[in-house]
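Notes for the structure review
Residue strings, one per chain:
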Amino acid sequence: MASSNVSSALQKADPDVFAILQRETKRQHDTLELIASENHVSPAVLEAAGSVFTNKYAEGYPGKRYYGGCQHCDEVESLAIDRAKKLFNVEHANVQPHSGSQANQAVFLAALNPGDQILSLNLNHGGHLSHGMKVNISGKWFNVAQYGVSQKDERIDMAEVRRQARETKPKLIITGASAYPRIWDWAGFAEIAEESGALLMADVAHIAGLIAAGLHPSPVPTSQFVTTTTHKTLRGPRAGLTMCKGDWAKKIDSAIFPGLQGGPLMHIIAAKAVAFGEALRPEFKQYQQQILTNAKALAEALMKHGYRLVSGGTDNHLMLLDLTSGHADVTGAMAEKWLETAGIIVNKNMIPFDQRKPMETSGLRLGTPAVTTRGMQAAQMPTIAGFIHRTLSSNGDTKAVEKVRSEVRELCDQFKMPGE
Ligand SMILES: *Cc1c(COP(=O)(O)O)cnc(C)c1O
């Protein structure tokens, strides 16, 4: 099983690393991956990511490089750019950011100066650390105001966004989240940005695949900047992508190179080209639709077991389970550990107005992109919810968890990983 994508050259040259890779391949096969930000890439994406382009320096952009021998780098980067522009219907795309955080930093470097005011979603309400967390460069170099969800319905409080925008006069308003299960009101944000004279950036790292498939509204028409990772719902290699209106193209490009990065990761850019090509096909839309169907089914099954979900459910690929409903003594950290022992991989997560600390939390974040890639459908979701419920209500009991572990393994054996 599953050794096919690990070359025998590695086995011969470095049995230690080879063995570790084998173990990781088996771990991924044998567990249910419910981390909302993870996915399993296709063999084609994996092959491109592991290709000879890793050997090449290509500082600069297609047609304007600082090194010789870049003709094929130019071809593959131009292809990636064209596909990204088509996929998101955007005027300009830069495919060089090494990660989602760097995709965001490119906007900051292009549009802001240290000390400028930004307005973004509270980290404890689903925001991302690169949007102004105190210890992140974004929090150290900018003045940060944050909006949140309302206590009443746990959806983004647009009245608070407007009030804060009027009060703090941000130069940049940031939308987008790592743990928000509802649809974004891009037009509402655009109106607020316009009236307060702010620029608008949408970080769609989590929902990029849904947007590309037309299953979540696109912020492209209403935002100056749209950033994303390429490895979450988009199912590409681990990396970033910065997009913008045409009038920001020059500034964004020079912010990424030479502003933030040196040589681009051409092997990863090749893999992005492959992933964008996959996302342009009709099957990708079906895949994204199935992610949504599965998330709804998982949410319903969990609620049937008595769990409360933040905001009462989900409109996208993820949900936040509130452990204080039913398991008041169980922290997110404990639940994450027990579930891992049962072969179900999740992450603890703060819920809005959480009384616990970030290393403990009262919530779990669950997402369906990876299990959907393995071909699981709505019919499997009540089974998975049952596994979760048995594990949590056993209080981590060794025997009960072991029983779940063997059933998880059986379920995993019925659903192949890409390339198997
Ligand atoms: C995942 C994520 C990122 C960061 O991605 P990295 O590649 O880990 O730097 C940025 N923004 C949001 C909203 C995310 O969810």
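Rules used in this analysis
Residues numbered from 1 in each chain as written. Predicted model: local features only at pLDDT ≥ 70, side-chain atom pairs only at ≥ 80, totals over all residues. Heavy atoms only, no water. Core = buried A, V, L, I, M, F, W, Y, C linked by side-chain atoms within 4.5 Å. Buried < 20%, exposed > 50% of the residue type's maximum accessible area, 1.4 Å probe, protein only. Helix = DSSP H or I, 4+ residues; strand = E, 2+ residues; numbered from the N terminus. Contact = heavy atoms within 4.5 Å. Salt bridge = Lys/Arg side-chain N within 4 Å of Asp/Glu carboxyl O. Phe/Tyr/Trp six-rings, centres within 6.5 Å; stacked < 30°, edge-to-face > 60°.

Nonpolar side chains tend toward joint burial in soluble globular proteins. Counting 58 residues, the largest nonpolar core has F88, I173, W184 and L234 as its most contacted members. Tallying contributions element by element places helix α11 (residues 266-279) first for this core, with 8 residues. Among all residues touching I173, those that are not within four sequence positions of it are L119, A165, F189, I192, A193, S196, A198, L199, L200 and M201. Within the second largest apolar cluster, 36 residues are counted, among which are L34, L298, I384 and F415.

Considering all chains together, one arrives at 17 salt bridges under this definition. For D30, the salt bridge is made with R409, and the minimal N-O distance between the two is 3.9 Å. Residue D30 is found in helix α2 (residues 15-30), and its partner R409 is found in helix α16 (residues 398-414); the two are separated by 379 residues along the sequence. Between E191 and R162 there is a salt bridge, with the nearest N and O atoms lying 3.1 Å from each other. Of the two residues, E191 is situated in helix α8 (residues 186-196) and R162 in helix α7 (residues 158-168); the sequence distance between them amounts to 29 residues. R162 gets classed as partly exposed once you look at its relative accessible area, which sits at 23%. Taken together, the salt bridges that share partners define one network made up of R162, R166, E191 and E195.

Take the packing of aromatic side chains next. A full pass over the atoms with the stated rule returns 10 aromatic pairs. Measuring from centroid to centroid gives 5.6 Å for W184 and W186, while their planes differ by 10 degrees, and the two rings are stacked. With respect to burial, W184 and W186 carry one shared label: buried. A centroid spacing of 6.0 Å and a plane angle of 55 degrees characterise the contact between F284 and Y287, whose relative ring orientation is tilted.

Purely geometric numbers; function is a separate question.
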